[in-house]
Each structure stands twice: as structure tokens, then as C-alpha cells.
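Reading the structure
One letter stands for each residue in the lines below.
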Amino acid sequence: MDFRFTDEEEAFRKEVRDFFEKELPPDWPGVDPDMYHEDSFEEIHQVSQEMQRKLAAKGWLGLTWPKKYGGQEAPLWKQMILEEVLTYRGAPGYDAYSFLGGCGDLILEFGTEEQRQKFIPPMCRGEVKWATGMSEPNAGSDLANLQLRADLQGDYFILNGQKTWQSAAHHADYGLVYCRTDPEARKHRGISIIIVDYKSPGITMSRIVHMSELGAFNEMFYDNVKVPKENLLGELNGAWGLVMAALSHERTYGVQLIVNIKRDLDLLVQYCKETRVNGQPLAKNALIRNELADMAIQLEVARTLGYKLNWMALKGLNVITTANQMKILGGILTQKLAILGMQILGLYGQLGPAGGNWRQMDEKKDKWAKLGGRMKHLYLSTVCNTIAGGTTEVARNAIATMGLGLPREPRPEKK
Amino acid sequence: MDLSFSEEQEMLWKSARDFLANKCPKTMVREMEEDEKGYVPELWKEMADLGWIGLPFPEKYGGGGFSFLDLVVLLEEMGRACLPGPFISTVVLGGLPILEWGTEEQKQNILPQVCEGKAILTLALTEPSARYDAASIQIKATPEGDNYVISGTKLFVHDAHIADSIIVVARTAEKASPEEGITLFIVDGKSPGISTFVLRTIAGDKQCELTMDKVKVPKANILGKVDQGWGMIKKIVEWAALAKSAEMMGGAQQVLEMTIDYAKERVQFDRPIGSFQIIQHYLADMSIDVDSSRVSLHKAAWMLGEGIPCTKEISVIKGWISEAYRRVTAQAHQIHGAIGFTKDHDLELYFRRAKAGELFFGDADFHREIVAQQLGL
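Residues numbered from 1 in each chain as written. Chains lettered and ligands numbered in written order. Predicted model: local features only at pLDDT ≥ 70, side-chain atom pairs only at ≥ 80, totals over all residues.

Considerations on the overall build of chain B
- Within chain B, the regular secondary structure consists of 11 helices and 10 strands.
- The C-alpha atoms of chain B give a radius of gyration of 21 Å, which matches the 21 Å a tight globule of 377 residues would have.
- Its C-alpha atoms put chain B at 80 × 50 × 45 Å along the principal axes.
- Within chain B, buried positions represent 52% of all 377 residues. (Helix = DSSP H or I, 4+ residues; strand = E, 2+ residues; numbered from the N terminus. Rg over C-alpha atoms; globule rule 2.2 N^0.38 Å. Buried ≥ 20, exposed ≤ 12 C-beta atoms within 10 Å, placed from the backbone.)

What follows is the structure, encoded as C-alpha cells:
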């Protein structure tokens, strides 16, 4: 056993750090890996787009993918280091839905040669943004209940229906859309994934605003949207196997959440060292020391489990249990950190700009906000970390049934 | 022992619920978050006409002469409805201290105006240290002829921008203990030298920066005794914490009810999600938070009304409900899923108010410290 990184790994880590040191403004407070800031505010979106092109120029988009599609065929550990460093730095421009969200990996794994040739190289060049269309109003945790219809008519699928909680769809060029292609089959046997050009006629969308005032989600309506039949990903009616692959990609997201809030813990530590209350630094307050140390322990334990998850993935082991554990820890610990941050800031915690947008601080209204209103923002935005991309309850079910071998809950009798 | 409410209290309960359901729709609540004033003057007048604003004040000042427990009944319904406006500021932070410690002239000048809905009051206590302790009172009031002159900045002053009178807490003497040498002044909100602006807060309530630049206050406007204000502040903090606990109680109750309804209606996996054991356990836990809070709230309010010392009981309920209301709203979000955290859903209103309520006049840490002191630690 050896927990150290190799010299080569450390050298790459330094290279990535130096890159962001140079490319990001020193006062860049950091965006979250959910990309909600980048997708909500035009000026942050522009910075993100620019960084996406720079990342592409470094060859860091699609790092592990085959060279013939524009990738570098680099080992997976490199990508893991890249993701860790850029997440800790809060760097923008790494399209979560192409890379972390699994659209690219799914196309590479299940797509036809034509699909790979067409869709992967633009991702590696940083020219496109992707989204995933899963949830519907009546298909949340029960994803297999989705109703959006795709009917094959000649050379086209005709899509009709509705999707919701479509993160980033308003900026996306393409999406992997989960459609019902056989209404007669049992629920999860009649679903297909179709690659949809989001600029197609018949698609309309409206923005959903999160309580943190970020507008990163969309409701999408499909009215007779024509999609060439060659855009079917994988087998017709065979999406369910891909769903599991896609969700497990999304659940490695737990690692990103943990790395990201380590930055916030460091912010709080710094704040407590610098802030004096009635002559005494907050850092000397026994209660606060205890809480910060407890948070550090929880993040350290979770981060180390994250390293194990990465190692397991590198070895090609089954990660479904660990990935779900990480997803749950990531969601819960981000919320705990936000609660702690609010506790430490006290009355100041409630202040801050709309959507946590540090570029739109009002000189009066936000005059007294501490840490750019970051803790207020986290307090509101992290509510969705135990819900989006699969609720913690569904993740617990997966651990219990797939990991621990417990029997499934009995289904109600069909009427 | 009798834990039932009186017939009058039951009636107040019902009429408050009906009135607010009708007059305080969530569209109005959201508008007021964005509104500069933050309340609807016509509604304020109607509430005055119903006797709500005058509820705890004696009849001779135009009030109803009701108890703190009656006030709690009303505040619970206000919390359930997310009623925006300066009710706690005017009645609890401003009105009750004037009733308790004001001269007859001060009471005659201000309380009838309050009861009629014509005067809005508030209390300017916290400063940039953002704490509720005596050492944090740094602003000085200096005697000058028949006046005191006050300069400095107060923060997190609720409703200062619309207040007709502001009770300003200032230091009038440097003594060995920070608790000595503090005085309360009733300051005309329109005095020259006062400026305010509203801060952007998590709940869209109207908390202000209040700056005073050589504001002159006549000596006749001192509330209570010179240099002996801190004992009064301790009482006001208790009343404010208890009043806010009542408002939070009503919010928590509403969140529990709406989440039970949702769990019964929302179907996933061919059954209502409320039939899943994990959801049932979540709701059972929420009911423990809600039901346990209510009894302790009513006990503290009853003790206050009876004149029984209840410093500990008030800190018990505010310390408890500050975290209980947060847990209830967070769990409700988990049960509602994504729909609950959208800006259009009522639940997010309560989630943000739970946090604001937690911070108002002492969070759980603050009140645990008081309980520790009460234990003799």
C-alpha cells in the first residue's frame, strides 16, 4: 500500500495549479462544480466560455479520450488530478455535462462511429455545451415513469412532451434526452436515449429560478420536434442500462462537492483568524474551534473515501456503492458546511448579493456582506445537493440493495 | 394543570387565520420582499382596526389589554402566513418597553398612536460587532444642554427606514462593567442627522444600517433611568426572542402540514411517496420538532404573562426552535424534492425565514449560553 502520489502525478498537479494561477484573476472567488453561476449570469458565462477554450488548447478537455476523436489518451489519474485542482480553485469552463455528467463518456461507450466522429471532437475543442434531459414533472426519483414520447416516423423521431430541471439547457447545443419509444412495454423497457440538437424547431424552454435566485434550470417543451433517427444512442428501448451508467457518472460528483467546499472551509478558517470580536480573534473561541475541526474531520474522511473511489475506478472495480456513498456525503456535508458558515458569521450570514453573484454587489444593500455573501448563497444553493442527480434516498436504496444485498421493497399490487 | 386555550384565545386563533389567509396571499409576501417599505399600509390600518397592534397595551392607551400568551397566538398565525411588516418591531421592540418603563407623558404621546396604526416603532441595538452583549454597545450619547447628542452606526435595525420613533441604545458613561453606563433614548425617526438604508437579507425583511450624525435627543426622551439601560435590554431581548419563537412556531406548523399533504398527493413508483417508510420517518421526526416546540413556547409565554421569572424557559424555546424550525424546513425540502426549492414554491419562503428567525435576537449558541448561566455554570 502507498497513499503517496507519484512524482509524475505531483508534477501534473503543479502544472494545473500554475495554469490557473496564471489564467484566473487572483481575486477569483470560485464557481461551484454545478456550474449554476456560469449558467445564470451572462458575465460569468463569458469568462467560462473563454476558459473552456483555454482548457481545450491545453488538451485538458477529454483528456482520457481516444486521439482520433480529439482526446489525449492520457491515463485516468491525470483527469482526476485536473478535476481536483480545478474544482478546488473554483475554475469555470469545465463543462460538467460533457465531462462529469457523462454525455461524452456515454457517446464514446455506446455511440456509433458516426456519432463519435460528429460529437466528441467539438467537446474536446471546447466549442459546445451539453445537457441531459432526464426528469419530468412525474418522473423524478421514479425516472422510469418518464412520458416524453419519441415516435419513429420514416427517417425521424418525432418528440412530444416535457422535461424539467434541465440544468444549463439554455446554453446547451445538444442534450441526451430520455424518451419513451415503446409505450406498450413495461416502464423501464420502453425508453431510449436520443441525441437532440437543442436549437431544433419545436423546442421551447422557460427558466426556473432557484430560491438562491440562480436561474440555471429550465423547463423544456417538445412540440413535434424532428430528430434524425441516426441520433438514437445505443439500442432502441435499451436506455435503462445506460441510465445506470449515466447516474453512476453523475454520482462521482460527490467528490467534486467535497473538494469544492474544502475551499469554503479554508475561507472560514481564514475569516476566524482575521476577525476579532470584542478584542479576541474568533479563532480563539473554543466553540468555533471545535466546530471547524469537526468539519475538517468530516471533509477529510470524505475526501479520502473519494481517493479510494478514484482508485477503484482506475482499477476497473465496481464503484456503484462507493459512488453513492460519496454522493450522499457530498450533499450532506455541503449543507453542514453552509450551516456552520452561517453560524460563524452570525447576523452577517444573512447578507449577500442575489444568487451569490460577487460581480453584482450593491454598494449599499450588500455593503456589510462578509465573504461576498458566500455563506448565505451556500445555505440556499446546497439544498439541492441532496436532491439533484438522484436524491440521497434513492442513493441509499442503491447502496442497500446493490451494495449490501438487501431485498428490494415490495411493489404495490397493480390495480 | 390546564393546557387548553380560553374561548377568547380560540376565537383569536380562528379569526387571525381566516383574516390572514384572505389578506396576506403569498403573492403579496413576495412583493413585499422586493418592496422598499416592506409592508402594506392599508393592511396595517386594518390590523390596527381589528385591535391587533394594540393587543398587549392597556385600554387607556387604546389597546386591548391582552396577555403575552394572546400575543403569541396572533404571532403564530402571522408566522404561518409569512406576514411581512413591522409588527414585532412596533409592538415588542418599541411598544412594550415604552409601556414598561416610559413616563406617563411618553406613553400618552406614543402608545395611542401605535394602537391606531399611526406610529411605527423599532429598537436600534446591535452595532457592527453584530452581537447582543453589553460590551458591543459602543455608540456614545453625550449631554449637551437639554439634549444628548448621538453619533455612530447601528446595524441590523429592523424597519428603521419607516420608523416614526426609534429606541436607540447608547453608552452614557464608561464604567468598570460594560453592563453599566448604557441608556435608552426614544429618538424621533425624522430627526436631522439620521439616515438609513435597507440591507439585502436572506428573508427579504427590512433590516437597516442606521447612521446617526450628531443627532440631538431631548433629555425628556430618555426611556427609564440614565446609565441603567442594560437590565431593560435583557428584558427586551427576552420578549423579542419569545415573540420570534411564536412566529417561527406558526411557520413550522404550516410547513409540517403542507409537507404531509404533499407526501399524500405526490405519486412516484405507483404510490404516494408518503407510503414509503423513510418519508414517514422524516415526517414523524418533523412532528416531534413541531409538537415539542409548541408546548415549551406556550409555557414560556404563560409564565411571562403570569409574572413568573422565565429567563431560562425563553432561552430554552428560542434555542430549541432556532434549530428545530431549520430542521423542519430542510427536511420538508428533502420530501418535496426539486419543486420545493424553486422561487415560485411557498416552501422556500419558510426555509429563508427559518434562518432569519434563528438569527433574530439570539441564535441557538446565544441562548444555550444563557441556559448555561441559569444552570449556575
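Past the structure itself, the notes keep going.
Some thoughts on the confidence of the model for chain B
- Residues of chain B with pLDDT of at least 70 account for 100%, and the chain-wide mean is 97.
- This prediction of the complex comes with two scores: 0.95 for pTM and 0.94 for ipTM. (pLDDT = per-residue confidence, 0-100.)

Concerning the interface of chain B and chain A
- Each partner contributes residues to the interface: chain B has 35 residues there, and chain A has 36 residues.
- Among the elements of the structure, strand 3 (147–158), strand 6 (194–198), helix 9 (311–336) and helix 10 (346–359) of chain B are those that each provide at least two residues to the side of chain B that touches chain A.
- No other element matches the 6 residues that helix 10 of chain B contributes to the side of chain B that touches chain A.
- By residue class, the composition of the side of chain B that touches chain A is 15 nonpolar, 9 polar and 11 charged. (Contact = placed C-beta atoms within 7 Å. Nonpolar A, V, L, I, M, F, W, Y, C, P; charged D, E, K, R; others polar.)

Quick look at the nonpolar core
- Core analysis: the biggest nonpolar cluster contains 230 residues, and Ile194(A), Ala124(B), Phe185(B), Ala240(B) and Leu242(B) have the highest contact counts within it.
- Per-element accounting of this core gives the leading share, 18 residues, to helix 7 (residues 230–265) of chain B.
- Residues in contact with Ala124(B), not counting those within four places in the same chain, are Lys154(B), Val157(B), Ala160(B), Ile166(B), Ile167(B), Val168(B), Val169(B) and Leu210(B). (Core = buried A, V, L, I, M, F, W, Y, C linked by C-beta atoms within 7 Å.)

Some points on helix 10 of chain B
- The first and last C-alpha atoms of helix 10 of chain B sit 21 Å apart over 14 residues, in line with the 20 Å expected at 1.5 Å per residue.
- Of all 14 residues in helix 10 of chain B, 12 are buried, a share of seventy percent or more.
- Here helix 10 of chain B has its buried residues at Leu347(B), Glu348(B), Leu349(B), Tyr350(B), Phe351(B), Arg352(B), Arg353(B), Ala354(B), Lys355(B), Gly357(B), Glu358(B) and Leu359(B).
- Those residues of helix 10 of chain B hidden inside the fold are in contact with helix 10 (320–345) and helix 11 (374–381) of chain A together with helix 2 (26–34), helix 7 and helix 9 of chain B. (Expected span 1.5 Å × (residues − 1).)

Section: the packing of helix 1 (residues 7–23) of chain A against helix 4 (residues 76–89) of chain A
All names here are of chain A.
- At their nearest, the axes of helix 1 and helix 4 sit 9 Å apart, and the two run at 35° to each other. Here the hand of the crossing between helix 1 and helix 4 comes out right-handed. Each of Glu9, Phe12, Arg13, Val16, Arg17 and Phe20 in helix 1 lies in contact with helix 4, whose residues at this interface are Trp77, Lys78, Ile81, Leu82, Val85, Leu86 and Arg89.
- Of the residues belonging to the contact of helix 1 with helix 4, the class tally is 8 nonpolar, no polar and 5 charged. (Axes fitted to C-alpha atoms, helices over the stretch in contact; angles between N-to-C directions. Left-handed = near helix turned anticlockwise from the far one by under 90°.)

Side note on the packing of helix 1 (residues 7–23) of chain B against helix 4 (residues 68–81) of chain B
All names here are of chain B.
- Packing of helix 1 against helix 4 brings their axes to within 9 Å, and their N-to-C directions diverge by 25°. Comparing the axis directions of helix 1 and helix 4 gives the class roughly parallel. Taken as a pair, helix 1 and helix 4 cross one another with a handedness that is right-handed. Residues Gln9, Leu12, Trp13, Ala16, Arg17 and Leu20 of helix 1 form the contact with helix 4, whose own contacting residues are Asp70, Val73, Leu74, Glu77, Met78 and Ala81. (Parallel < 35°, antiparallel > 145°, perpendicular 65-115°, else oblique.)

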